[in-house]
Amino acid sequence: MAEKKTGLGGAPLQRRGPKARKSASLVSAVRTQDESSVLYLALSEIADNPENPEARVQDVAELADSMREVGQLQPGLVVDAGEFVAEYPQHAEAVAGRAWVLLAGHRRRAAAQAAGLDTFQALRRGVARLDETVLHENVHRKALTAIEEAQAFGRVMERRGLSQRDMARHAGVSQSHVAKRLKLLKLPESLQQAVSEDVLAPAKAVEMMTDESEETLAEIGAQWADVEARPGWAHSPADIVHDARQTVARARRVEAARAKADAEGVEFLEDPSATFGQFKVYDHRLLTKKDVEAARERGDLVYAPSTSWGENVEPLAYRRSVPTSPDTPASDGQAEQRERVKADKAATKARRAFLAETVTRKPTTAEVTRLLTMTALAGQSMMSHVTGLARQLAQGAGIGPAPEENWKWRDALANVEKASTREHLAWIITLAIWEDRIKNSHSLYLSTEDIAYLEHLTERGYVLSDFEQEKVNDARARLQEDAAKDQDSEGEQA
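In this report, we go over the structure that sits alongside the text. Since the model is a prediction, treat every value here as computed from it, not as a measurement. (Residues numbered from 1 in each chain as written. Predicted model: local features only at pLDDT ≥ 70, side-chain atom pairs only at ≥ 80, totals over all residues. Heavy atoms only, no water.)

All right, on to helix 7 (residues 175–184) then. Among the residues making up helix 7, those that are buried are V178, R181, L182 and L184. The buried residues of helix 7 occupy an angular sector of 145 degrees when projected down its axis, which confines them to one face. Tucked into the core, helix 7 has its buried residues touching helix 5 (146–160), helix 6 (164–171), helix 8 (189–196) and helix 9 (202–211). (Buried < 20%, exposed > 50% of the residue type's maximum accessible area, 1.4 Å probe, protein only. Helix = DSSP H or I, 4+ residues; strand = E, 2+ residues; numbered from the N terminus. Arc of directions from axis to C-beta. Contact = heavy atoms within 4.5 Å.)

All right, on to the sheet that holds strand 5 (residues 119–124) then. To summarise the sheet geometry, strands pair through backbone hydrogen bonds and adopt either a parallel or an antiparallel arrangement. Spatially, the 5 strands line up as an open sheet ordered 1-5-3-4-2, and their pairing is mixed. Edge positions in the sheet fall to strand 1 (39–42) and strand 2 (46–47), since each has one partner strand and no second. Taken together, the 2 bridges between strand 2 and strand 4 (residues 100–104) define a ladder with parallel strand orientation. The residue of strand 4 that forms the bridge with A47 is V101. Sheet strands in contact with helix 3 (residues 106–115) are strand 2, strand 3 (76–80), strand 4 and strand 5, and its direction is about 120 degrees off that of strand 4. (Pairing = 2+ DSSP bridges. Axes fitted to C-alpha atoms, helices over the stretch in contact; angles between N-to-C directions.)

Further remarks concern the pairing of strand 5. Pairing of strand 1 with strand 5 involves 4 bridges; the strand directions are antiparallel. Each residue of the ladder has a partner; that of A42, found in strand 5, is T119. Pairing between strand 3 and strand 5: 3 bridges, direction parallel. Counterpart to G76 in the pairing with strand 5 is A122.

Next comes the structure, spelled out in structure tokens:
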């Protein structure tokens with residue numbers, strides 16, 4: 001049997017129509033002061049209530065059969081159409097030509113029509129508390145979707161000036177329930193539709209509202225709407241959330257690079273690979289502040305978005321001019337750039353050799369906690385290429401599972417039972433994550449976390465190369481400058 005696909009929060013991924021709902025109990029309606037005897041009304045005189053989403057009806061054949069046999073046993077609720085229009089003038093056209101507006105009993109009326117009855121029995125209600133009556137009529141028998149319930153809460157709160165606490169007490173639910181429902185109304189329209197159709201669970205939607213920025217939510221909504229337009233698209237809801245986060249992060253990196261280029265009066269380059277060629281990009285990259293200043297003096301400095309997957313949005317610096325080939329005499333600046341590229345590669349090789357040795361020594365719990373905490377707070381994770389480095393380091397030290405295929409090794413990690421080994425492996429994985437970031441960040445400056453990683457290595461005996469020490473010094477100077485600017489800005493605002 002094929003596995004049933006699910007959406008976010010465990011809800012079924014397939015679309016659905018409105019749920020079949022149990023008929024309402026009259027005692028669930030809010031009591032008012034103007035109750036009267038049962039009215040016998042012509043079905044043609046009764047309009048649907050535009051304020052009540054429960055006007056949807058499904059199959060009423062069984063109820064119609066019952067009405068043919070014994071008639072209508074339970075009256076509906078109606079309100080005078082004139083009073084309704086006076087209170088809700090925006091719905092005048094929807095109820096035009098009818099004497100009454102149906103408040104509750106839509107399935108009973110549909111069944112009465114199907115059964116061929118001439119009249120519909122109903123109790124009259126006043127319009128003063130119509131919203132509350134609809135709310136009580138529907139909420140406690142689960143007649144509304146989460147979005148419809150949220151809209152009903154919002155209408156009543158706005159019309160009567162109620163707080164969330166008052167609304168909760170009035171509806172007979174918890175305040176947190178009201179608050180969570182109201183949060184759903186801030187979702188993009190496509191996501192509200194997904195909640196209504198049970199593709200996105202309400203709890204997961206509220207979680208998204210709490211965890212995601214407005215930009216990310218808007219992008220999730222846009223991508224979700226695109227899936228609606230292309231139902232054959234193979235993206236899962238989780239993929240959509242991930243892609244939206246990456247799209248927003250990319251946009252932020254682009255904006256940061258553009259702003260830096262504008263501020264310094266240099267060129268902005270959105271895609272260096274398209275300009276320089278995929279395999280030539282590294283030759284144009286500038287790795288130190290000194291190289292950047294040299295390129296600025298030559299007039300060929302450009303900034304491009306960071307390629308980091310994390311929150312680091314520090315732009316990358318490149319030189320426009322083509323570096324000389326090994327057979328061509330180079331200028332002093334070009335020769336220095338080549339030397340720095342060589343120094344970067346040599347530093348990476350030296351760190352890898354040190355890592356292979358240091359992971360054979362078990363870390364302290366404090367070391368593990370420190371690095372794991374930093375990794376989690378920076379939003380770093382074990383990508384496929386990181387898995388390969390972590391496996392090589394761990395197996396080289398004789399720690400953990402034996403499979404040589406990266407993903408089999410990664411799966412085998414869950415079966416490691418010894419606590420000390422699990423802790424050791426977690427530390428090795430975080431080392432691999434930060435080593436991969438240092439090697440592939442391609443950033444002019446190191447981040448605070450990058451510096452902390454290098455400090456972690458030096459505490460275990462690693463000696464920074466002159467090239468690495470220069471980058472650390474440049475980064476610290478830049479961080480101090482940024483901190484000073486922030487203080488000046490706060491002082492001006494004060």
